[in-house]
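# Structural characterization, general
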Amino acid sequence: MGKIYTKTALITGISGQDGAYLSKLLLSKSYKIIGVTRSHHEDNLSKLKRLGVDSDIIMEECDLLDISSIINMINKYKPDEIYNLAAQSSVGLSFTQPIGTINFNIVSVLNLLEAIRIIKPDVRFYQASSSEMYGKVTNLPVTVNTPMHPLSPYAISKASAHWIVVNYRESYGVYACNGVLFNHESFLRSNGFFVKKVLQETVRNKNNANWVLKVGSIDIKRDFGYSPSYVEAMWLMLQAEKADDFIICSGKSITLRSIIEYVFKKLDVSINKLVIDNDFMRPTDIEDIYGDNTPAKTKLGWQYDLDFYQVLDLLIKEELDFLDRKEVVNA
Ligand code: NAP
């Protein structure tokens, strides 16, 4: 007998951190999942494989800059929900690739919403919006009504996409939501992002006398959370009676320095291994930012009370287990 599905969801950016955890969550709710990727190859299944869900997903190649490909895909699978997670997601890279970042992160969203409006206006749409849009904030905590002052090409692209979503909701009645997520981490975070870099490098090199950890500004403060819990909020947003935008965050900020100090202490690494390197400084950066998650908790019933040091404990363990397994395989 064929599988009985509750709904069909299309997830763009499925090969990324959130795509993997969201897939796992939706599969547990008996969704049929169409995973959208630029080009389908073994490498972009690695995060799904790690969660053991790769064989349960139908992978589809689609260029999100080409609206006809999107229209064909929506016609083929007739999704109930679309989660748009695909983006050039690195703030740092956006300073060296501003045009590519701004072009893709805005036009892809416009194409998806326009395709929905034209051929399947009952689709529920989730957009991966970002706290980076608020940038130079004067009043904390951030709420959805905080004025935006983006400080990077990435933040500009996400702010534009955010308003496109609001406009399709208000002007065309599309069920479209922005999930304004603050930094969230996991073992599956792409290499190069701050927390992943600190954990991965320190775990691998803690006994290497020649290694140092090179970082940029570490006295800035961020509101960090845990990806597997944040994807639950994405799903909750699309189940609400009315489409709306929500801030998803822990509600507290900590310095990047305190993360390094915590990881070094846990792994018994001297603080002398920390090197501030100007090459890692950004042209502009947010000093301190944290959000208000009360509406997500009260209106959506989202539950989150993890302290980021608890998350770090989980991640240190996962990195150590991963290294142990690799060493056993290579022995
Ligand atoms: P991620 O691991 O970097 O994954 C993003 C995915 O987008 C990639 O796997 C890639 O998939 C696709 N992609 C990247 N550049 C693309 C391009 N130029 N054209 C087409 N596809 C492209 O990101 P994530 O951490 O899971 O985050 C998911 C979404 O949430 C992103 O939109 C990100 O900007 C946003 N966000 C993340 C955070 C966070 O802290 N993680 C916070 C706020 C917002 P393919 O190569 O397979 O196509």
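Model, not experiment: these values are computed from the prediction.

## Digging into helix α5 (residues 98-119)
With 22 residues, α5 extends 32 Å from end C-alpha to end C-alpha; this agrees with the ideal 32 Å at 1.5 Å per step. Of all the positions in α5, only T101, F104, N105, I106, S108, V109, N111, L112, L113, E114, A115 and I116 are classed as buried.

## Quick look at the domain arrangement of the chain
A common measure of how large an interface is: the accessible area buried when the components associate. Domain boundaries assigned for the chain yield domain 1 (7-185 + 223-248) and domain 2 (194-222 + 253-288 + 308-330). Once you take the C-alpha centre of each, domain 1 and domain 2 turn out to be 28 Å apart. Each partner contributes residues to the interface: domain 1 has 15 residues there, and domain 2 has 20 residues. Carbon and sulfur atoms supply 64% of the area that domain 1 and domain 2 bury against each other, a total of about 1500 Å² over both sides. The three residues of domain 1 that bury the most area against domain 2 are R50, F224 and Y226, which together make up 39% of that side's buried surface.

## Considering the site of the ligand
Around the ligand, the structure places 25 residues, and the nearest of them are S15, A87, S89, Y154 and R189. Here T37 contributes a side-chain N or O atom positioned 2.9 Å from an oxygen atom of the ligand. Within the contact set of the ligand, an oxygen atom lies 2.9 Å away from a backbone nitrogen or oxygen of L85. Those elements giving two or more residues to the shell around the ligand turn out to be α1 (17-28), β5 (124-130) and α6 (153-172).

## Some points on the packing of helix α3 (residues 67-77) against α5
Close contact between α3 and α5 brings their axes to 9 Å; oriented N to C, the two are set at 50°. The orientation of α3 relative to α5 falls into the category oblique. Like other packed secondary-structure pairs, α3 and α5 cross with a definite hand, here right-handed. In this structure, α3 uses I67, I70, I71, I74 and N75 to contact α5, whose residues at the interface are N111, L112, E114, A115, I116 and I119. Residue composition of the contact of α3 with α5, grouped by class: eight nonpolar, two polar and one charged.

## Description of the sheet that holds β5
With parallel pairing, the seven strands of this open sheet are ordered in space as β3-β2-β1-β4-β5-β6-β11. Strand pairing shows two members of the sheet lacking a second neighbour, β3 (58-61) and β11 (246-248), which therefore form its edges. When strand polarity is set aside, the average angle formed by the axes of neighbouring strands in this sheet is 25°. Examined bridge by bridge, strand β4 (residues 81-84) and β5 share four bridges and lie parallel to one another. By the bridge assignment, N84 is partnered in β5 with Q127. Across the face of the sheet, α6 comes into contact with β5 and β6 (175-181) while running at roughly 150° to β5. Across the sheet, helix α8 (residues 227-239) is in contact with β4, β5, β6 and β11; its angle to β6 comes to roughly 155°.

Basis of the calculations
Residues numbered from 1 in each chain as written. Predicted model: local features only at pLDDT ≥ 70, side-chain atom pairs only at ≥ 80, totals over all residues. Heavy atoms only, no water. Helix = DSSP H or I, 4+ residues; strand = E, 2+ residues; numbered from the N terminus. Expected span 1.5 Å × (residues − 1). Buried < 20%, exposed > 50% of the residue type's maximum accessible area, 1.4 Å probe, protein only. Domains from an automatic or database assignment. Contact = heavy atoms within 4.5 Å. Buried area = accessible area lost by both parts, 1.4 Å probe. Near = heavy atom within 4 Å. Polar contact = N/O pair within 3.5 Å; in protein donor to acceptor, adjacent residues only side chain to side chain. Axes fitted to C-alpha atoms, helices over the stretch in contact; angles between N-to-C directions. Parallel < 35°, antiparallel > 145°, perpendicular 65-115°, else oblique. Left-handed = near helix turned anticlockwise from the far one by under 90°. Nonpolar A, V, L, I, M, F, W, Y, C, P; charged D, E, K, R; others polar. Pairing = 2+ DSSP bridges.

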